[in-house]
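# What the coordinates show
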There are 2 protein chains.
Amino acid sequence: VSFADRLDEATRRAGHPCVVGIDPHPELLPEEFALARDPAASRLERARAVAEFACSAIDVVAGEVAAVKPQSALFELFGADGAAAWERVVQHARERGLLVIGDVKRGDIESSAAAYAEAYLGTGPSACDAITINPLLGSDSVQPFLELCRRNDRGVFVLVRTSNPDGAMFQGHGAPPLAELIAGAVHEWGRELVGACGLSSVGAVVGATRRGELARLRSLMPHAPLLLPGYGAQGGRAADVAAAFQRGGRGALVSSSRGILFAYRNPAFDGLDWRSAARAALDGMIREVRAVQAGAGGGA
Amino acid sequence: VSFADRLDEATRRAGHPCVVGIDPHPELLPEEFALARDPAASRLERARAVAEFACSAIDVVAGEVAAVKPQSALFELFGADGAAAWERVVQHARERGLLVIGDVKRGDIESSAAAYAEAYLGTGPSACDAITINPLLGSDSVQPFLELCRRNDRGVFVLVRTSNPDGAMFQGHGAPPLAELIAGAVHEWGRELVGACGLSSVGAVVGATRRGELARLRSLMPHAPLLLPGYGAQGGRAADVAAAFQRGGRGALVSSSRGILFAYRNPAFDGLDWRSAARAALDGMIREVRAVQAGAGGGA
C-alpha cells in the first residue's frame, strides 16, 4: 500500500490531522531525563536519556495521532550514540503503530542522494515511512528519493515554504516566488505517486505560520499532502492552517513539537506532570484543528 | 586561529588547492574492501570495510593535500554503525594532519540548526573543521553555524551553485538568479569572520562545472573561499575553475572524489593497484590545476 494511502487511512482512524514532532531538546526535558544534559554523564548515557524521553513521549501520543515526526538533528547531536538512539526511537514508534516522518531535510547530488534515500527510505533500522527533503539542488537530486517511494511505498515531504522568520529570504525570491516554483515541481514529481485515496506520496512542507500563502500553494499542489510544522511554539494557530485542507478536511497534517512535549513548562498546565500536560496540550490542539477542519469541509 | 587562516596556511604548505572527496560508494570500492557490498555481511562488517577503505584513502593523500571532504550520506547508509565509521574516519584524517570538510549539507530552522552545528562544528568526535550547509531556509537558519565558526574557529561552505545537471532549476530562478542572491548573503555572513589572510571562514560551494557563472559569483563574494566539487567524474576541467582564484592564485579549493579514489577503474591507469592509481590521478589533477592557478596570478 502506498504511503499516501497508509497516511490517509491512519489520519482517518485518528479522526484528526494532528501529528507530534519528537524534538528532544536536552535542556527542555523533564527532570527525570536530566541525564541528557548532565555534562558529567557520558555521551552514551546522554543519548540513552534522550531515547528514553522520546520513547516515553511516543507512548503518551500512541493511539491518539497518526504519525510522529522525530527531528534528526537532536539525535545527531550525540554522534554514533545518537544514531543508535534514532534507530531505537523509530522502531519504538512503529511498534506502537505510528507512522514515522523522519525530519532529516536531506538533499544532495544524485549519487549521494541515493545513499540518503537508502538510509532513510530503505529497509534498515534508520528508515522511516517518509522523510522531509530539501529540493535546492533540483529535480535530479530528488529522483533517488522518488525511486524509493515507488519501490518501498515510502513518502517524502519537500520543503516548499518554511515556518521560520527568514523563510522568505530565498523562498520568496523572484516572480513567481521560488516557493511557487518548487510547489509546481512537487506537483510534477508526485503525479506518478498518487494513491487510491487521491493524494500523492509526494507531499510538501509549508509552515503553519504562512497563512497568506497557503491557499495559493494548495492550489498549485492539488494532490500533495501538506505537512504544516510550527503550530504552537512557532506561532501558528488553527485558523492559519484552514486553507491547507482539501474538501472533506483531508490532505494536511498539522504538527506541533515543543507545544506538546514541553507543555509542562507552560503556565497553562501548571501542576500537571509532563505526560498529563502533553496529553492535555494535544487534546486542546486536536480540538482547535478539528473545528477549523470541519469548517474546511468536514472532519477526517 | 580562524578556519580561514588554517585553510590558507594548509593550502600554501601543500602548494596547490586540490582536495580529495572521500565518497566510499560500496559498489566502487577495490576488491580488498568487497565486504562493504557483501549482502551476507552484517551492517557492522560493511561499515567497518567502508571505514577501512576511507582511512586507507586518507593515508594515500595525507601529506599531499590540505584537506579531505568526507561525504556523510555514504556513512549514514549504515545507520549507527556508519556514524561510528564517520567518527573514526574524521579522527584519522585529523591525526594525519588533514583539515576535514564534512560534506553534510545540513540546514534547518534555528533550534534544529543549533543541534546540527554542535554535532558537526562542536568539539565531539563527529565534528569537522568545516562543513557544507544548505541555505534554503534563510539567514536565521544559518546563524547557529556562524556562531560556532566564531566560537570554535570552524568554517562553513554554503551551497550557492551546485555541480549537478539540474542545479539551475531553482538556483537559477529569478533576476538576479537565486545563486547570486545567496552569494550576496554569503558575503554578508562572512564579513565578521575574515581572518588575517584576508579570506573568510564563510565560504561557498560552486560546482567546478559552472564555468560561465564563476567570475560573477567570485566578484559577489570577494572574501569567500570557494569549494569547487565536480572536478573529474562530474565533468569539471581545470580551465573551468580559473575564474575562482583570487590574485595570487588563492581563495579556491578544487575537489575531486571518484576521479581520485576510483582511478583504478579508469583505463588510463590500467595495471596500477588502487593506491598507485589514486596517487597518479591526484598528481595529474594537481599539475593541471596548478597550471591554471599560475595563469590566474601565481602559485599558492
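The following paragraphs examine the structure supplied in this document. (Residues numbered from 1 in each chain as written. Chains lettered and ligands numbered in written order. Predicted model: local features only at pLDDT ≥ 70, side-chain atom pairs only at ≥ 80, totals over all residues. Heavy atoms only, no water.)

Attention shifts here to the overall build of chain A. Counting secondary structure elements, chain A contains eleven helices and eight strands. Taking the principal axes of the C-alpha coordinates as reference, chain A spans close to 50 × 45 × 40 Å. When each of the 300 residues of chain A is scored for burial, the buried share is 63%. Counting only contacts in chain A whose residues sit at least 6 apart along the sequence, the fraction spanning at least 24 positions is 74%. (Helix = DSSP H or I, 4+ residues; strand = E, 2+ residues; numbered from the N terminus. Buried < 20%, exposed > 50% of the residue type's maximum accessible area, 1.4 Å probe, protein only. Contact = heavy atoms within 4.5 Å.)

This model, assessed by the stated rule, comprises 16 aromatic pairs over all chains. Ring geometry for Trp189 of chain A and Phe170 of chain B: centres 6.4 Å apart, planes at 80 degrees, overall edge-to-face. Pair noted here: Trp189 of chain A is in helix 8 (residues 178-190) and Phe170 of chain B is in helix 7 (residues 168-171), and the two residues belong to different chains. Judged by relative accessible area, which is 8%, Trp189 of chain A ranks as buried. (Phe/Tyr/Trp six-rings, centres within 6.5 Å; stacked < 30°, edge-to-face > 60°.)

Bringing the sheet that holds strand 4 (residues 130-133) of chain B into the picture now. Residue and element names in this part refer to chain B. The strand order around the closed barrel built from eight strands is 1-2-3-4-5-6-7-8, with neighbouring strands paired in parallel fashion. On average, each strand axis in the sheet is inclined to that of its neighbour by 30 degrees, with strand direction left out of account. Both strand 4 and strand 5 (residues 155-161) contribute to a ladder of four bridges, which runs parallel. Paired with Ala130 across the two strands is Gly155, which belongs to strand 5. Each of strand 3 (99-106), strand 4, strand 5 and strand 8 (252-256) touches helix 1 (residues 3-14); the most contacted strand, strand 3, lies at about 125 degrees to it. Taken strand by strand, helix 6 (residues 139-152) contacts strand 3, strand 4, strand 5 and strand 6 (202-206), and its axis lies near 145 degrees from that of strand 5. (Pairing = 2+ DSSP bridges. Axes fitted to C-alpha atoms, helices over the stretch in contact; angles between N-to-C directions.)

The next thing to look at is unusual backbone geometry. Cis peptide bonds are those with omega within 30 degrees of zero, and the linkage from Ala175 of chain A to Pro176 of chain A qualifies with -5 degrees. Tracing the backbone shows Pro176 of chain A in the loop between helix 7 (168-171) and helix 8. Phi angles above zero are rare outside glycine, and Asp153 of chain A is one such case at about 55 degrees. Assignment of secondary structure puts Asp153 of chain A in the loop between helix 6 (139-152) and strand 5 (155-161). Backbone geometry places Lys105 of chain B, a non-glycine residue, at a positive phi of 50 degrees. As for its position among the elements, Lys105 of chain B is in strand 3. A residue is classified by how much of its surface remains accessible, and Lys105 of chain B, at 9% relative accessible area, is buried.

At the junction of the two partners, chain A supplies 59 residues and chain B supplies 59 residues. Of the roughly 4,500 Å² buried between chain A and chain B on both sides combined, carbon and sulfur atoms contribute 61%. In terms of surface lost to chain B, no three residues of chain A exceed Leu136, Phe170 and His173 of chain A, which account for 17% of the buried area on that side. Among the ionic pairs, Lys105 of chain B bridges to Asp108 of chain A, the shortest N-O distance being 3.1 Å. Linking chain A to chain B there are 28 residue pairs in polar contact (both at pLDDT 80 or more). Breaking the side of chain A that touches chain B down by element, the ones donating at least two residues are helix 3 (73-76), helix 4 (79-95), strand 3 (99-106), helix 5 (110-121), helix 6, helix 7 and helix 8 of chain A. Its residues assigned to classes, the side of chain A that touches chain B shows 28 nonpolar, 20 polar and eleven charged. (Buried area = accessible area lost by both parts, 1.4 Å probe. Salt bridge = Lys/Arg side-chain N within 4 Å of Asp/Glu carboxyl O. Polar contact = N/O pair within 3.5 Å; in protein donor to acceptor, adjacent residues only side chain to side chain. Nonpolar A, V, L, I, M, F, W, Y, C, P; charged D, E, K, R; others polar.)

A word on the relation of the copies chain A and chain B. Of the transformation superimposing chain A on chain B, the axial component is 0.0 Å and the angular component is 180 degrees, with the fit at an RMSD of 0.0 Å. This pairing of chains is accounted for by a two-fold axis. In terms of proximity to the rotation axis, the leading residue of chain A is Gly174 of chain A, whose C-alpha is 2.2 Å off the axis. Most of the interface of chain A is mirrored in chain B, where 100% of its interface residues are also at the interface. (Least-squares fit on C-alpha atoms with pLDDT ≥ 70 in both.)

Right, let's talk about helix 11 (residues 274-295) of chain A for a bit. Residue and element names in this part refer to chain A. Between the first and last C-alpha of helix 11 there are 32 Å, a value that for 22 residues agrees with the 32 Å anticipated at 1.5 Å per step. Taken as a whole, helix 11 has its buried residues at Trp274, Ala277, Ala278, Ala281, Leu282, Gly284, Met285, Ile286, Val289, Val292 and Gln293. The inward-facing, buried residues of helix 11 abut strand 1 (18-22), helix 2 (43-61), strand 8 (252-256) and helix 10 (258-261). Put simply, Asp273 is the residue that caps the front of helix 11, since its side-chain oxygen is 3.0 Å from the backbone nitrogen of Arg275. (Expected span 1.5 Å × (residues − 1).)

Glancing now at the packing of helix 2 (residues 43-61) of chain B against helix 11 (residues 274-295) of chain B. Packed helices, taken two at a time, are described by the angle their axes make and the gap between the axes. Residues and elements named next belong to chain B. Following both chains from N to C, one finds helix 2 and helix 11 inclined at 50 degrees, their axes separated by 10 Å at the closest point. When the axis of helix 2 is compared with that of helix 11, the two are oblique. In this structure, helix 2 crosses over helix 11, and the sense of that crossing is right-handed. Taking contact as the criterion, the partners of Phe53, Ser56, Ala57, Val60 and Val61 in helix 2 are, on helix 11, Trp274, Arg275, Ala278, Arg279 and Leu282. Along the lines of polarity and charge, the residues of the contact of helix 2 with helix 11 split into seven nonpolar, one polar and two charged. (Parallel < 35°, antiparallel > 145°, perpendicular 65-115°, else oblique. Left-handed = near helix turned anticlockwise from the far one by under 90°.)

Right, let's get into the pairing of strand 4 (residues 130-133) of chain A. Residue and element names in this part refer to chain A. The side-chain alternation of strand 4 yields two buried faces, one formed by Ala130 and Thr132 and the other by Ile131 and Ile133. Pairing analysis gives three bridges linking strand 3 to strand 4, with the strands arranged parallel. Its bridge partner being in strand 4, Arg106 is matched across the sheet by Ile133. Handedness of the crossover joining strand 3 and strand 4 through helix 5 is recorded here as right-handed. Following the chain from strand 4 across helix 6 to the adjacent parallel strand 5, one finds a crossover that is right-handed. (Right-handed = clockwise from strand over helix to strand, strands pointing away.)

Quick look at the sheet that holds strand 5 of chain A now. Residue and element names in this part refer to chain A. What the eight strands build is a closed barrel, ordered 1-2-3-4-5-6-7-8; its pairing is parallel. Taking the axes of each pair of neighbouring strands and ignoring which way they run, one obtains an average angle of 30 degrees across the sheet. The strands touched by helix 1 (residues 3-14) are strand 3, strand 4, strand 5 and strand 8; relative to strand 3, the strand with the most contacts, the crossing angle is about 125 degrees.

Before going further, it helps to spend a moment on the pairing of strand 8 of chain B. Within a regular strand, the side chains alternate between the two sheet faces. Residue and element names in this part refer to chain B. Of all five residues that make up strand 8, five are buried, and the element is covered over most of its length. Where strand 1 (residues 18-22) meets strand 8, three bridges bridge the pair, whose relative direction is parallel. Among the inter-strand pairings, Val19 is bridged to a residue of strand 8, identified as Ser255. Bridging between strand 7 (residues 226-228) and strand 8 involves three bridges; their strand directions are parallel. Following the sheet pairing, Leu226 is matched in strand 8 by Ala252.

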